Amino acid sequence: MQAAQTRADILAAARRRFAVSGYAATNLKDIAADAGVSVQTLYDSVGTKAELVRGLNDLIDGEAKVWEIAASIPSEQDPRVLAAVPARITRRLVERCGDILRAGVAGMQAEPDLVPVVSEGGRRHRAGVAVVAARLGELGALRDQLTPEQAALTIAALSDFRLAIALIDDHALSLDDVELWIADTTVRAVLGPI
């Protein structure tokens, strides 16, 4: 249990450093100091800087408590509520982890170590919306001629955290407005008459 707490402390320290200073300007010595551990303990707990960064996806999912929202998917019977699940998850991710999401996307161009992290986050997102789309298909709620795969692609694009951030930054929407926009647009785009 102590090892898990040490790892969590290190990831939290890394999150704060990366969000403030960016990936390139952050070094393991500073992360270790912030976490209250030695550099060797950092290596033993999470590995290299690149491996540490890969652990941030788990930190993001944990802090956003994605599983709390996703747990409703298998039993949800209302297609509108189900179609809004990705919007709720995206809102929670941006609300609780927007700092590190922004840092990852911003640093990805200059730092190749960040590409797998952002890619893994995208893979998780697409897998989650595929479950929602499949459930909508099971309920017979998809628009005519729309396959679950096509619905998943549409939902993934609409609920991508980068779009949510653009709606906030470029269009001055609040988190409530972003969630509502994503949910309403998803319902209109993928659901048939209910």
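Residues numbered from 1 in each chain as written. Predicted model: local features only at pLDDT ≥ 70, side-chain atom pairs only at ≥ 80, totals over all residues. Heavy atoms only, no water.

With that settled, the discussion passes to the overall build of the protein. A count of helical and extended segments in the protein gives twelve helices and zero strands. Ordering the α and β elements of the protein from the N terminus gives α-α-α-α-α-α-α-α-α-α-α-α. With respect to the three principal axes, the spread of C-alpha positions in the protein is 60 × 40 × 25 Å. Looking at the protein residue by residue over its 194 residues, the buried ones come to 43%. Restricting the contact set of the protein to residue pairs at least 6 apart, pairs at least 24 apart contribute 69%. Carbon and sulfur atoms make up 54% of the accessible area of the protein, which totals about 10,000 Å². (Helix = DSSP H or I, 4+ residues; strand = E, 2+ residues; numbered from the N terminus. Buried < 20%, exposed > 50% of the residue type's maximum accessible area, 1.4 Å probe, protein only. Contact = heavy atoms within 4.5 Å. Areas by Shrake-Rupley, 256 points an atom, 1.4 Å probe, with all protein chains shown as cover.)

Following the sequence through the fold, serine 21 ends up in helix H1 (residues 2-21). For serine 21 and arginine 162, which are 141 residues apart along the polypeptide, the C-alpha to C-alpha distance reads 20 Å.

Here we take up the packing of helix H5 (residues 56-64) against helix H9 (residues 115-138). Here H5 crosses H9 at 45 degrees, and the two axes come no closer than 9 Å. It follows that H5 is oblique to H9 by the angle criterion. Contacts between H5 and H9 pair Asn57, Asp58 and Asp61 from the former with Val117, Glu120, Gly121 and Arg124 from the latter. Classifying every residue of the contact of H5 with H9 by side-chain character gives one nonpolar, two polar and four charged. (Axes fitted to C-alpha atoms, helices over the stretch in contact; angles between N-to-C directions. Parallel < 35°, antiparallel > 145°, perpendicular 65-115°, else oblique. Nonpolar A, V, L, I, M, F, W, Y, C, P; charged D, E, K, R; others polar.)

With that settled, consider the pattern of salt bridges. Under the counting rule described, the total for this entry stands at 15 salt bridges. The salt bridge involving aspartate 169 is made with arginine 102; its shortest N-O contact spans 2.6 Å. Residue aspartate 169 is found in helix H11 (residues 161-171), and its partner arginine 102 is found in helix H8 (residues 85-108); the two are separated by 67 residues along the sequence. For arginine 135, the salt bridge goes to glutamate 138, with nearest N and O atoms at 3.1 Å. Linking arginine 135 with glutamate 138, this pair stays in helix H9, spanning three residues, or about one helical turn. Judged by its relative accessible area of 11%, arginine 135 is buried. (Salt bridge = Lys/Arg side-chain N within 4 Å of Asp/Glu carboxyl O.)

Summarising the element assignment, threonine 90 is placed in helix H8. When its relative accessible area of 2% is taken as the criterion, threonine 90 is described as buried.

Turning to the nonpolar core, a few remarks are in order. Membership of the largest hydrophobic core comes to 58 residues, with the highest contact counts inside it found for Phe18, Ile31, Leu42, Leu52 and Leu136. In this view, leucine 42 contacts Ile10, Leu28, Ile31, Ala32, Val37, Gly47 and Leu52; residues no more than four positions away in its chain are not counted. (Core = buried A, V, L, I, M, F, W, Y, C linked by side-chain atoms within 4.5 Å.)

Two numbers describe how H8 lies on H9: the axes approach to 11 Å, and their chain directions differ by 165 degrees. The angle between H8 and H9 places the two elements in the roughly antiparallel class. Here H8 runs over H9; the crossing is left-handed. Across the interface between the two elements, Val85, Pro86, Thr90, Gly104, Val105 and Met108 of H8 pack against Val115, Val118, His125, Val129 and Val132 of H9. Its residues assigned to classes, the contact of H8 with H9 shows eight nonpolar, three polar and no charged. (Left-handed = near helix turned anticlockwise from the far one by under 90°.)

With 24 residues, H9 ought to run about 34 Å at 1.5 Å a step, and its terminal C-alpha atoms sit 34 Å apart, in line with that. For H9, the full list of buried residues reads Val117, Val118, Gly122, Val129, Val132, Ala133, Arg135 and Leu136. (Expected span 1.5 Å × (residues − 1).)

Attention now moves to helix H10 (residues 148-158). Given 3.6 residues to a turn, an α-helix orients residues that are three or four positions apart in the same direction. All of the buried residues in H10 are Ala151, Ala152, Ile155, Ala156 and Leu158. Around the axis of H10, the buried residues are gathered within 165 degrees of arc, so they sit on the same side. For H10, exposure combined with an orientation more than 90 degrees from the buried face picks out Glu149 and Leu153. If you follow the buried residues of H10, they end up packed against H8, H9, H11 and helix H12 (175-190). (Arc of directions from axis to C-beta.)

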